[in-house]
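One letter stands for each residue in the lines below.
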Amino acid sequence: GSSDESAGASSADTLRVVLPAQPATLDPIVGARSAQVVWATVIEPLVATGEDLEPTDTGLITAWERTDDLTWTFTLREGVTFSNGEPADAAAAVNTLEMVRDLDTSILKSFWGNAVSFEAPDATTLVITTKAPQYDVVNQLGTVYLVPPKYYEEKGTEGFAAAPIGTGPYLFDAMRAGRDISVKRNPDYWGDAAETEKLVFSWSPEASQRLALLRSKSVDVAFDLPPAQQDQADKAGLDVTATESAMKIIAFLQTDKAPFNDPDVAKAAALAVDRDKIVEGIFNGKAVADGGLLNVKPGTQPDVVVEQDLAKAKELLAGKSVEVPIAYPAGQYTNIEEVAQAVGGMLTEAGFKVKYNAMDYGSLVTQIGGGELDGMYIFAGVPNVAVPSFFVNGFMRSASITKNCGSPETDAMADEAVSQPDAAAAEAIYDELNEIGVVDKNCYIPLYRQIYGYAVADGVKDVKYSPLNAVDFTDVTVG
Amino acid sequence: MSTDTSPLLEVDGLSIRASLRLGEIDLLKNVSLSLAPGEVIGLVGESGSGKTTLARAVLGLLESNVWVADGSIAVCGETVSTPTLNQTAKVRGQQVGMVFQDASRSLNPLIRVRRQLAEVLTRHVPGITKEQITERSARVLERMRIADPDRVLDSYPHQLSGGLRQRVAIALAVVTEPAVVVADECTTALDVTTQAEVVTLLRGLAADLGVGLLFVTHDLMLASDLCDRIAVMYRGEIVELGDVEQVLKNPGVDYTRRLLAAVPRWNEGVPARHA
Amino acid sequence: MTRRILTRVGAVLVTLWIAVSMAFALGRLSGDPTSTILGPMASNEQRDALRAELGLDRPLLTQYFDYLQGVVTGDLGSSLQFYQPNLQMIMDRVPFTLQLVGAGMLIAVLVGVPLGVLAATREGSWWDRAASALALLGQSIPVFWLGMMLVLLFAVKWGLLPAGQSGSVQHLILPAFTMALYPMAHIARLTRATMSEVLREPYIDAARARGLSTAAVVWRHGFKNASLPVLTVVVLQAGTLLSGAVAVEYVYAWPGLGQLALQAIQFRDFPLVQAIVVFGAIVFVLLNQLVDLIHVAIDPRVR
Amino acid sequence: MTDTIAAVPAESAAATMSGAPRKRRRTNRTSVFWLALPLVLLAVAVIVLPMTGWLHDPNKQNLDNTLAPPAFLDGGSWSHPLGTGRLGQDILAQLVAGGRLTLFIGFVGALVAIGPGTLIGVTAGYCRGWVDVVISRVIDAQLALPFILIALAVIANRGSSLPVLFLVLALTGWAPCARVTRSVAMSLRERQFVMGLRAAGASELRIVARHVLPNLVGTVVALGSLQVGTAILVESALSFLGMGILPPDISWGAMLSSGQDVLSNAWWVAAFPGLAITAVVLMVNLLGDALLTHNDPRKRRR
Amino acid sequence: MSEATVLAIRDLVVEHRREKSRETFRAVGGVSLEMAAGDTVGVVGESGSGKTTLAMAATGLGPRTSGKIDLLGHDLDRLSRRELRRLRPEVQVVFQDPHGSLDPRQSVRSGFSELRRLQPERTAWVDDTELLAQVRLGPEVLSRYPHQLSGGQAQRVCIARALLMRPRLIVADEPTSGLDVSVQADVLDLLNESLASSGASLLFISHDLAVVRNVCDRVVVMLHGEVVEAGPTYQVLDDPQHDYTRKLLAAMPGSRWRASR
Ligand SMILES: Nc1ncnc2c1ncn2[C@@H]1O[C@H](COP(=O)(O)OP(=O)(O)OP(=O)(O)O)[C@@H](O)[C@H]1O
Ligand SMILES: Nc1ncnc2c1ncn2[C@@H]1O[C@H](COP(=O)(O)OP(=O)(O)OP(=O)(O)O)[C@@H](O)[C@H]1O
Ligand SMILES: [Mg+2]
Ligand SMILES: [Mg+2]
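Residues numbered from 1 in each chain as written. Chains lettered and ligands numbered in written order. Predicted model: local features only at pLDDT ≥ 70, side-chain atom pairs only at ≥ 80, totals over all residues. Heavy atoms only, no water.

(A) Highlighting the overall build of chain E. Scanning chain E from N- to C-terminus turns up 10 helices and 10 strands. Relative to its length of 261 residues, chain E is compact, with a C-alpha radius of gyration of 19 Å against a globular reference of 18 Å. Projecting the C-alpha coordinates of chain E onto the three principal axes gives extents of approximately 55 × 50 × 45 Å. Taking all 261 residues of chain E together, 58% fall into the buried category. Looking at chain E alone, contacts between residues at least 24 apart form 66% of all its contacts between residues at least 6 apart. A total of about 10800 Å² of accessible surface is found on chain E, and carbon and sulfur atoms cover 45% of it. (Helix = DSSP H or I, 4+ residues; strand = E, 2+ residues; numbered from the N terminus. Rg over C-alpha atoms; globule rule 2.2 N^0.38 Å. Buried < 20%, exposed > 50% of the residue type's maximum accessible area, 1.4 Å probe, protein only. Contact = heavy atoms within 4.5 Å. Areas by Shrake-Rupley, 256 points an atom, 1.4 Å probe, with all protein chains shown as cover.)

(B) Fine view of a positive patch on the surface. Residues R81(E), R82(E), R85(E) and R86(E) make up a contiguous surface patch of positive charge. Turning to its location among the elements, R86(E) is positioned in helix α2 (residues 81-87). (Patch = residues over 30% accessible without salt bridge, like charges linked within 9 Å, V, L, I, M, F, W, Y side chains within 5 Å. Salt bridge = Lys/Arg side-chain N within 4 Å of Asp/Glu carboxyl O. Lys, Arg positive; Asp, Glu negative; His and termini not counted. Charge placed at Lys NZ, Arg CZ, Asp CG, Glu CD.)

(C) Expanded view of the pattern of salt bridges. Within this structure, the stated rule accounts for 54 salt bridges over all chains. The salt bridge involving D208(B) is made with R143(B); its shortest N-O contact spans 3.1 Å. With D208(B) in helix α8 (residues 192-209) and R143(B) in helix α5 (residues 130-143), the pair connects residues that are 65 residues apart, well separated along the chain. When its relative accessible area of 35% is taken as the criterion, R143(B) is described as partly exposed. In this structure, the salt-bridge partner of D128(E) is R116(E), at a minimum N-O distance of 2.7 Å. Separated by 12 residues along the polypeptide, D128(E) in helix α4 (residues 128-134) and R116(E) in helix α3 (residues 108-118) bring together distant segments of the chain.

(D) Quick peek at the nonpolar core. By size, the foremost hydrophobic cluster in this structure holds 341 residues, and its most contacted members are W112(A), I278(A), F352(A), L447(A) and F473(A). Broken down by element, this core gets its largest block of residues, 18 residues, from helix α10 (residues 214-252) of chain C. Apart from residues no more than four positions distant in its own chain, L447(A) is found in contact with I249(A), I250(A), A251(A), V273(A), R275(A), I278(A), V288(A), A289(A), D290(A), V339(A), V343(A) and I378(A). In terms of nonpolar packing, the next biggest core, distinct from the first, is built from 72 residues, L132(E), A154(E), V211(E) and V236(E) among them. (Core = buried A, V, L, I, M, F, W, Y, C linked by side-chain atoms within 4.5 Å.)

(E) Structural detail: the site of ligand 2. All names here are of chain E. S47, G48, K51, T52 and T53 are the nearest of the 14 residues found near ligand 2. Interatomic distance of 2.6 Å between a side-chain N/O atom of S47 and an oxygen atom of ligand 2. G50 is positioned with one of its backbone polar atoms (N or O) 3.0 Å from an oxygen atom of ligand 2. For ligand 2, whose free accessible area comes to 630 Å², the fraction covered by protein is 64%. Mapped onto the shell around ligand 2, the elements with two or more residues apiece are β1 (5-17), β2 (24-36) and α1 (51-58). By residue number, the principal contributor to the shell around ligand 2 is α1, which donates three residues. Class assignment of the residues belonging to the shell around ligand 2 gives a composition of two nonpolar, seven polar and five charged. (Near = heavy atom within 4 Å. Polar contact = N/O pair within 3.5 Å; in protein donor to acceptor, adjacent residues only side chain to side chain. Nonpolar A, V, L, I, M, F, W, Y, C, P; charged D, E, K, R; others polar.)

Okay, here's the thing in structure tokens:
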């Protein structure tokens, strides 16, 4: 039908969006988070997340209660149905959660290892029991997107990805292979109906191309513009929004292997790095120097950070010639080559001998996971939920992928932190953990948080970006 | 065909020069020649003596670094080429036809004989109809003593034997009934037996149709079979021009004598070794 | 005749088999996909489980034979990142690459051939030199760089043409031109070379001697004979344009096979990489056969 | 299929635009000289210049002075004649250092493709028979694979480094070269002087080594010089896709791709390496062409 | 077969396989021929009648489908590769295209010295200058490359290269058909002369009957790969028995002039 002309025409009730990559799959169970921007218009998470990145009661789950240390009881919104008519009830939630926890291909599997059982005593009640106490179960539910059980079962992951069905403000409309994906307003949405009739998502891997598309009025919103393109868009008089994202770029030191098994050497490396220079010199200020590991929410900084002190770094090295390989995922993050080089340059200044080891993202992850790397590797943490345990589980536990800092003590502290009744109670423990990892042992040299930039065409209003890589399109108006 | 004996081809004091990187050289010096209707002139001489240059000059097919420096060429009484004039394009194919050395390479390999003939006819015979083309094509091949013209017409050049190919090449040159035909070593690539047939054919053209034939060869013997007169070229000049009998029996210049001496003996003489 | 066909089919099959095997090796070369599928936070156990599910833990030879069997039965597997049958995804993209390659080759031929002929008929002249210089320049400019420049000028600065993506004829202009430059240069150079050779052939002189017009001599007799190698290269270039398409499609966000291939490689989506490579190889080999058929059609001597 | 495959390269090898008519052979030889000269000078320059100490350290960063314009623009200074890059490195120094690596990649990249390619091609063309059949099939298969995908896949697995780059260039470059040398070797094999040598009792190995290979040198050199351009372009394309030469190594392709982002506010970062690539590839292509023409027996004889 | 038999061919069949069509083509069909030491045998026939193919097969340089060849008392079938290579210098070939017969990258001198390196003993009998003198070339030719030689000069160099090996059999495949008439006479003289002095046998291929008549004792007439007539030159040429031979003779140009002489 109308989808054939959708990409070309600009009209008041269509918003054309260009993304940096083709959404891999629209199945939220197995799909990478990069596609979330698209599928989240159709499928909704169990728990909505507010502007402060904390759970709110405005989503599918409207209330929750920690029945005891190990048991959580949630209340689901009543009368919500999927667009194919299936009820979006507790049973559906149990079905989704079990798939998330049990499928090998589930992208969130590792976050739900602690969940023992999911139960639906009635249509609006969901009970989750955990092995060990875990205070951030609610936050984690913000990452779980609800899929219709029958439909999913029937279609399988391939079929579902080809035509996803959810409870969201939009309905999946069409997918034109390799070109775009469109969604249209869901007239029967349980909440306030979306302002714009139609959203069309296309993609282009080159940032300058995305900007060019916006400037030549082929699209209305260009996402993921790096600093250089943000500047250009500014100059071109476009409306640019730059938001500090939750994505952290961190230099990891493999402290259980030479050369960083020498605490002095590790400290020297940490002291050599000037993150402000990186932010200014490379990002022209369009990044935020970040001194901590576990400060998940944008805008926060830990109390204790390591500041550059070249003299002290040199002193610690004491004239030793230390060779440091720096591994980084080439092309994966904005300006990562320059950042790696800048870090390398700073280490060199302190007296290290630097060797670069660029590889692609997949290999880097594999090699980190396999414990094959030594020296330093630069890598990003991209949280999909704003809880410190994301980074603790990911990087600090002895069983984590990086394994560079873990010890029985930190594991115990991590367990203790997560079993606290709430975030406030856990904060002190996390601060301590952060200090151990970043300041004392120098396992991590946090560098910066990216500023996520996007630009919109004239007249486009209310594109709401959240630092957790979600975008709210419901209020958008075009022209 | 005109019956008067005014020359069909008149080359007068022709000099041709070529420019090379190192300077200019003379390829032909003051060459004069005239060809009467029905006459066959043999142009002989060693390699590089300028035979081809002369032949090509008549049709204006000189290479880009070669030009007429002096003298003139007239075809059927009309001057076509002087240092300042080049009208050869007008007579090419129309009044003058040319047959090249290697028929297998002078026929376009991708086009059937029929079309190659038709192409020439449509070009030179204004208003010719399809039927006329077919008819004339067949007739010219019959003239060439080709037994099955239809098969040949529908063949590609490579499907024909060397002799047939050369005949087709000649047919292409004479199908427009030109007054003059220039043949440049047109039998060298052929077998002796085929060569003999082609020579007979050419003779017939001159005798029956009154075509003037300029026959270029380095084979004195061949020239003696075919020609009325022989012009001996040496270093860009015609050093001797006369009746066949006279030139072969009483060569006027030393060079001709040397050429003759180089012809392998037939009757007299057992090879030196066997003596 | 039958024997000829059989040998030819045999040769094609062997070539394809080697190419398919190389594609298999290539796919396995592209590394372990589990990290990209599961992201950095997954545990090693989960990775192992996934590896087992994908069959990557089986002996390589078993995998190879399964794969061969799949290819023979037309099953090119499923993508690891898109969860769709590879063949279908490829087929979805083919029209776009076809558009791009077709338009590119059209421009390349329409510009390259006359340029080459012009140069050849005026060998040594300034025309020749200018055409040659142009062609050489065309072969020396990095394609993606040209693409970026064109976007900057035509789309951003002057706003004359869309910056990228597909949809209309206007969308096609810049990518097609970018695509065309290299083959155009190649074709121009080849045309000039073969033409200048052909123009030296006796049958050209013979045609001139028969008083044919210059156009007839140059095109009917000259170019027709020069067209064989040129055509060969045109078709084969079209076959290799899949490679060229990667850069162009990337720069212009063109939804073709090149773009897909790039995504596949970046994701370690090896079934998709293999499928694209196999597809490309089949297309190329078939084009090769097409070239031979064209040869036969044009040149009576090879019949 | 073998026939066409064999037929194409001879022609594409002769696909030269600077082909002069045979009477201008001498011009050709001098033009080869004049075309080679700037390349040699360039090679010498990029090797010698860094030794003089006039240039900055190409990797020396200055995050306080990034993207400074060239001296001839407003705000530029002569301490960085061509401006500075994204980390404040001196572009001129980078251009020289990048030139060194780029030329190295070009020449070695050509070598690793041409060397094996020639050997394989000669083997096939000279041995004929089943050896030829097998090699031809492999060449066909290799040519059928989209080379950029091979390149990307290999790099994706092995990471980008010089050896891997050369591996890629060898993998993707040998087949076309083998195809050309195969057909040339095949025709050389049929030449009468080869028959004459055989009649004199020369062994096949000797004929290949002493007569076939030397007669191939011209073709190979010409192919090689064209391959230099190809290698440089391939490297720059890979760099552009983030899979080429990576920092701190500097190549023109890498410079080009790092300048891509800042094209509109600091064009000089990408413009100079872009120009350098185009100029050098143009030069090697011209040289290759001249060599091919020079080497064309039809144009050489007499 | 006598001691002095240089070459004996029995029922030689050679089939060529056409590259494109892969059909076989019988170029030589059952030819027998015997040559004694000092014999000069001419092979005539129209183009494509299999003359070259016959000569190449006879010397073991070309392909052979069936038949027996006895070269200098050795059965070619029984020879190992190495033995064949040792035998080869005894048979030398001079081709039609002199330039194609010389490696374009090799000067005349280095061509000679390569042959000398290949066959040190065999070639020791003469030095370069003298060898060139035998073919009436000056020593200045030594430093030249093939493209710097005229056709006649190049053909002489080829003959010199053949003579250097002191072969017992020389095969000359239309050695003068690419040359000018006057040069042709020179080269033929030379060939005659050097045969006389070396005592080698000659297998001479030509389509020019007059040339064959001047050079050969015996002549073989070939048609479509088969021998239609053979015998002493004068006998065959003066009293032809086969139609084809007659046709060949009749087609010879210059009969008018010859008759009148
Ligand atoms: N385009 C040219 N530029 C310079 N010199 C030329 C050109 N064409 C021919 N020549 C020279 O002019 C001379 C005469 O050449 P021409 O081809 O007329 O000789 P020919 O008598 O036909 O010789 P052949 O018997 O070998 O065909 C030769 O020395 C030749 O090298
Ligand atoms: N290598 C080959 N492959 C296929 N056919 C061949 C080959 N060599 C020769 N022929 C064919 O075999 C036949 C005899 O060829 P050959 O060269 O022996 O003839 P010839 O008598 O020497 O002719 P010419 O007088 O033209 O030299 C010809 O029809 C030729 O086409
Ligand atoms: Mg001539
Ligand atoms: Mg022969």
